[in-house]
Amino acid sequence: MGTVSAVRMETFLAVAKHSSIRRAAAQLHITEAAASAAVAHIEKQLGAKLVAKSGRGIALTEAGRVYADYCRSILGLMKEAHAAVQEAETGRLRIGVVATAGEYVLLRLLASFRIRYPDIELGLSIQPRDVLYLELTHHETDLVIAGRPPRDAGLVTRARRPCQLVVVGAPDAWPDPCEATWLLRGKGSGTRDTTLALFDRLQIRPPSLTLGTHGAALAAAREGLGITLIHSDAIATDLAAGHLEVLPVDGTPLNRPWHVVTTRTPAPAARLFLSHITDPDRVGDKAFRGV
């Protein structure tokens, strides 16, 4: 059996992502014939059908889905290997972060880190928690800041920072939180999962409105559309301005610290970042505590 090049793997992943030869070719700036030939070459090498027609586009077969997972890991490891042999202070750091931590925790840390290590190439992926940990498992990011990682994923928590989840709403708008409309994040959000678990604990099934992002949920809460469970890091300004208030709900506040997570072999630049964010002399009260 012959080998499959990284370029062909990248082409196959683009086809898998878009479910289209045409859109994959446009993303990669190659011809449709070249994209189609790359997929055909891989199928020939593997002796397996990876894609099949589906409506106007194409879809992965079961073998295609399995192979796509391997491609993501292989390509991620290749990039990780390249970063691992570079000098830490001139390497590359790919950080994955959930939106709330990205906006209210990471930015100050990242600004001081960039001043300290200006030659490190930084990349940022802002995604729901489940997507981030999948990217980390596939070595597509070097370090994730989010809620607790899934068990048995082979990932390592390196540091934590305290945070609480509280229920907030517009002042005096919702006298009984159990009868209020609850504003939810989209699927894949750890906060959404925790909110649904809180419903079970309280034995309630309130009306809900899914808004996707924490920013949209906060904006809706300020306008009186409902109440929402959110990290305390995200609401200090709104509480001080009187736009929101913390509501007394049984079982809250919930302790949900931020976790800094890597694979078992973090890249040199990731180790530098970990050292930086766990040093209170450099980052003050935003510092994480090493595990």
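See the structure above.
**Notes on the layout of surface pockets**
If you roll a probe as big as a water molecule over the atoms, it shows you where there is empty space left.
Logical step 1: Estimated volume of the largest pocket: approximately 610 Å³.
Logical step 2: Residue assignment for the lining of the largest pocket shows that the elements contributing at least two residues are helix H5 (99-116), helix H7 (190-202) and strand E13 (258-262).
Logical step 3: The biggest single contributor to the lining of the largest pocket is H7, with 4 residues.
Logical step 4: Looking at the lining of the largest pocket residue by residue, the classes come out as 7 nonpolar, 15 polar and 6 charged.
Logical step 5: Counted as a void, the second largest pocket has a volume near 320 Å³.
Logical step 6: Around the second largest pocket sit 13 residues that line it, and Glu10, Leu13, Leu75, Lys79 and Glu140 are the ones nearest its centre.
Logical step 7: Taken together, the elements giving at least two residues each to the lining of the second largest pocket come down to helix H1 (6-18), helix H2 (21-28) and helix H4 (62-84).
Logical step 8: In terms of residue class, the lining of the second largest pocket is built from 4 nonpolar, 3 polar and 6 charged.

**Section: H7**
Logical step 1: Over its 13 residues, H7 extends 18 Å from the first C-alpha to the last, a length consistent with the 18 Å expected when each residue adds 1.5 Å.
Logical step 2: Contacts made by the buried residues of H7 are with helix H6 (129-137), strand E7 (164-169), strand E8 (182-185), strand E9 (208-212), strand E10 (228-231) and strand E12 (254-255).
Logical step 3: Two or three places before Thr191, at the start of H7, stands the capping residue Ser189, its side-chain oxygen 3.2 Å from that residue's backbone nitrogen.
Logical step 4: Immediately beyond the C-terminal end of H7, within one or two residues, lies Gln203, with a positive phi of roughly 60°.

**A few points about the nonpolar core**
Logical step 1: Leu93, Leu143, Ile145, Trp258, Val260, Phe273 and Phe288 are the most contacted members of the largest nonpolar core, which has 34 residues in total.
Logical step 2: Of all elements in the fold, only strand E3 (92-97), H5, H6, strand E5 (143-146), E13 and helix H10 (268-277) reach the threshold of two or more residues within this core.
Logical step 3: Not counting the four nearest positions on each side in its chain, Val260 is found in contact with Leu143, Val144, Ile145, Val156, Thr157, Arg158, Ala159, Leu274, Ile277 and Phe288.
Logical step 4: With 16 residues, the next largest nonpolar core counts Val4, Ile58, Tyr67 and Ala68 among its residues.

**Observations concerning a nonpolar patch on the surface**
Logical step 1: There is a patch of nonpolar side chains on the surface, built from Val66, Tyr70, Ile74 and Met78 and spanning about 380 Å² of accessible area.
Logical step 2: Checked against the element boundaries, Ile74 lands in helix H4.
Logical step 3: Classification of Ile74 as partly exposed rests on a relative accessible area of 34%.

**Things to note about the packing of aromatic side chains**
Logical step 1: Across all of its chains, the model carries 4 aromatic pairs by this definition.
Logical step 2: Plain terms: the ring middles of Phe113 and Tyr117 are 5.0 Å apart, the flat faces sit at 55° to each other, and that makes the pair tilted.
Logical step 3: With relative accessibility at 9%, the residue Tyr117 sits in the buried group.
Logical step 4: Centroid distance Phe113 to Phe273: 5.1 Å. Interplanar angle 90°. Geometry classified as edge-to-face. Of this pair, Phe113 sits in helix H5 while Phe273 sits in helix H10, and the two are 160 residues apart along the sequence.

Parameters and conventions
Within each chain, residue numbers correspond to sequence positions counted from 1 in written order. Since the coordinates come from a predicted model, pLDDT governs what is reported: local features require at least 70, and pairs of side-chain atoms require 80 or more to be given and counted, while whole-chain, interface and lining totals use all residues. Working from all heavy atoms in the structure, the side-chain values ignore hydrogens and water. Cavity and pocket criteria rest on a 1 Å grid covering protein atoms alone: a 1.4 Å probe that fits but cannot get out defines a cavity, protein on both sides within 12 Å along at least 5 of 7 lines defines an open pocket, and an atom within 4 Å of a point defines a lining residue. Grid points are joined across faces, edges and corners, and a volume is the space filled by probe spheres set on the points. To qualify as a helix, a DSSP run of H or I must reach at least 4 residues; to qualify as a strand, a run of E must reach at least 2; elements of each kind are numbered from the N terminus. Gly is put with the polar residues, along with every residue not named as nonpolar or charged; the nonpolar set is Ala, Val, Leu, Ile, Met, Phe, Trp, Tyr, Cys and Pro, and the charged set is Asp, Glu, Lys and Arg. By definition here, a helix of n residues has an expected span of 1.5 Å times n minus one. The contact definition used throughout considers only heavy atoms, calling two residues in contact when any of these lie within 4.5 Å. Here a polar contact is taken to be a pair of N or O atoms separated by no more than 3.5 Å, where protein atoms must pair a possible hydrogen donor with a possible acceptor and residues adjacent in sequence count only if both atoms sit in side chains. Here, nonpolar core refers to any group of buried Ala, Val, Leu, Ile, Met, Phe, Trp, Tyr and Cys residues whose side-chain atoms link them within 4.5 Å. Relative accessibility under 20% of the residue-type maximum defines a buried residue, over 50% an exposed one, and the middle range a partly exposed one, all with a 1.4 Å probe and only protein chains included. Each patch is assembled from residues with relative accessible area greater than 30% and no salt bridge, linking like charges that lie within 9 Å and nonpolar side chains (Val, Leu, Ile, Met, Phe, Trp, Tyr) that lie within 5 Å. Areas reported here follow the Shrake-Rupley algorithm with a probe of radius 1.4 Å; residue values treat only the protein chains shown as occluding. In the sections that follow, a salt bridge refers to a side-chain nitrogen of Lys or Arg positioned within 4 Å of a carboxyl oxygen of Asp or Glu. In this scheme Phe, Tyr and Trp rings, the latter by its six-membered ring, pair at centre separations within 6.5 Å, and the angle between planes marks the pair as stacked below 30 degrees, edge-to-face above 60, and tilted otherwise.

These figures come from the coordinates and say nothing about function on their own.
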